[in-house]
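Close look at the chain arrangement
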Amino acid sequence: MKFVLLPAGSFVMGENPPLAEGKSDEHPPHKVIIEKPFHMGVHEVTQEQWEKIMNSNPSKHKGRNRPVDSVSWNDAQEFIKRLNALEGEGKYRLPTEAEWEYGARAGTKTRYFFGNDASLLPQYAWIKENAKGTTHEVGQKKPNQWGIYDTSGNVREWTNDWYDDEYYENSPKTDPRGPINGFARAYRGGSKDGSEFPTRSSYRWRETPDTKAQNLGFRLVMDK
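For the structure given in this document, a descriptive report is provided here. Being a predicted model, the structure only gives us computed values, none of them experimental. (Residues numbered from 1 in each chain as written. Predicted model: local features only at pLDDT ≥ 70, side-chain atom pairs only at ≥ 80, totals over all residues. Heavy atoms only, no water.)

Quick look at the sheet that holds strand β1 (residues 3-6)
Sheet strands line up and pair through hydrogen bonds in the backbone, either parallel or antiparallel. Our working rule: What makes two strands pair is DSSP finding at least two bridges between them. Strands here mean DSSP runs of E at least two residues long; helices mean DSSP runs of H or I at least four residues long; both are numbered from the N terminus. Two residues form a contact once any of their heavy atoms are found within 4.5 Å. All axes here are fitted lines through C-alpha atoms, helices being fitted over the stretch that makes contact, and every angle between N-to-C directions spans 0 to 180 degrees.
Taken in spatial order, the 4 strands make up an open sheet running β1-β4-β10-β5, and their pairing is antiparallel. Strands with a single pairing partner mark the edges of an open sheet, and in this sheet they are β1 and β5 (92-93). The sheet contact formed by β1 and strand β4 (residues 38-41) spans 4 bridges and is antiparallel. Its bridge partner being in β4, L6 is matched across the sheet by F38. Helix α3 (residues 97-105) contacts β1, β4, β5 and β10 (221-223) of the sheet and is inclined by roughly 75° relative to β4.

Written out as structure tokens, the structure is:
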């Protein structure tokens, strides 16, 4: 796996309503501080990487360098547990929502990391308009300014956080890690089935931890 070191810093997380294009809970925009540097996966976890750890491949859209799909949050946690055991230390994990958006934005304040022009999305992401209903090999589109690929498309990505539609109203300013409990886990990013609304850097939604979907995978972070 390839990782890029992200610096400590701050950013404005979320986006203001009304968002006429669809349903999301990204408000109010609020300043978040990422206190320590951390490494984020350059790519979504691939099927080849999954197979090496789990000795199986649940993906609907088969391909060794395509992102693993059809894995639940619980499945991702088992993968991380085994990977950490193999490495001998617990350094790999899912990103928090804040870490994911910080990495996806890569220092930008626009709707997408490349600006506000949705017509440019096919240059940066596999989405409904160009994916032809399937996932594609990771890293084939243009990366963001920090060298991270596919945050706007291919598969949606699990985060570690529980989901709360009102969490932004009272979340901690420094390194928020989501509610202490809940019924669903937050996921981030666009997918092969998405268009301009769910591919924005601030987009967030949720599924129960046992949900498996053919457009849902994950990427890892690694503590410095």
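There's plenty left to go through after this.
Comments concerning unusual backbone geometry
Cis rather than trans, the peptide bond between H27 and P28 has omega equal to -5°. Along the polypeptide, P28 turns up in the loop between β2 (9-13) and β3 (30-34). Not every positive phi belongs to a glycine, and N55 is a case in point at roughly 55°. Positive phi, close to 60°, is recorded for K132, a residue that is not glycine. On the secondary structure map, K132 appears in the loop between α4 (121-124) and β6 (156-162).

Considerations on the packing of aromatic side chains
This is how it is decided: In this analysis, rings of Phe, Tyr and Trp, with Trp reduced to its six-membered ring, are considered paired at centre separations within 6.5 Å, and the interplanar angle assigns stacked below 30 degrees, edge-to-face beyond 60, and tilted for intermediate values. Partly exposed describes any residue whose relative accessible area lies between the buried limit of under 20% and the exposed limit of over 50%, with all areas from a 1.4 Å probe on protein chains only and scaled to the type maximum. The criterion is that NZ of a Lys, or CZ of an Arg, lies within 6 Å of the ring centre and within 35 degrees of the ring normal, and then a charge sits over that ring.
Counted by the stated rule, this structure contains 13 aromatic pairs. With centroids separated by 5.9 Å and ring planes inclined at 35°, the aromatic side chains of F3 and Y92 adopt a geometry described as tilted. Residue F3 is located in strand β1, and its partner Y92 is located in strand β5; the two are separated by 89 residues in the primary sequence. Seen in terms of ring centroids, F38 and Y102 are 6.5 Å apart; in terms of plane orientation they differ by 40°. Their pairing is tilted. Of this pair, F38 sits in strand β4 while Y102 sits in helix α3, and the two are 64 residues apart along the sequence. Residue classification places F38 among the buried positions, given a relative accessible area of 2%. Here the aromatic residues F11, F38, Y102 and W146 are joined through ring pairs into a cluster of three or more. One cation-aromatic arrangement involves R185 over W73; the distance from NZ or CZ to the ring centre is 3.8 Å.

Concerning the pattern of salt bridges
So the rule is basically this: We define a salt bridge as a side-chain nitrogen of Lys or Arg found within 4 Å of a carboxyl oxygen belonging to Asp or Glu.
Per the counting criterion, the structure on display carries 15 salt bridges. In this structure, E97 engages R188 in a salt bridge whose closest nitrogen and oxygen atoms are separated by 2.9 Å. Taken as a pair, E97 in helix α3 and R188 in strand β7 (residues 185-188) lie far apart in primary sequence, 91 residues in all. Neither residue differs from the other here; E97 and R188 are each classed as buried.

Notes on helix α2 (residues 73-87)
The line we're drawing: Here, expected helix span is obtained from the residue count minus one, scaled by 1.5 Å. Think of it as the arc spanned by the lines of direction from the helix axis to the C-beta atoms. Polar contacts here mean pairs of N or O atoms no more than 3.5 Å apart (in protein, one a potential hydrogen donor and the other a potential acceptor; neighbouring residues in sequence count only if both atoms are side-chain atoms).
Under the 1.5 Å per step criterion, the end-to-end length of α2 is 21 Å for 15 residues, consistent within 8% with the ideal 21 Å. Of all the positions in α2, only W73, A76, F79, I80, L83 and N84 are classed as buried. Along α2, the residues classed as buried sweep out an arc of 130° about the axis, all on the same side. Of the residues in α2, the exposed ones pointing more than 90 degrees away from the buried face are K81, A85 and L86. Tucked into the core, α2 has its buried residues touching α1 (47-54), β5, β6 and β7. By the N-cap criterion, in which a side-chain oxygen at the helix start approaches the backbone nitrogen of a residue two or three places on, α2 is capped by S72, the distance to N74 being 3.3 Å. Following α2 by one or two positions, G88 adopts a phi angle in the positive range, close to 85°.

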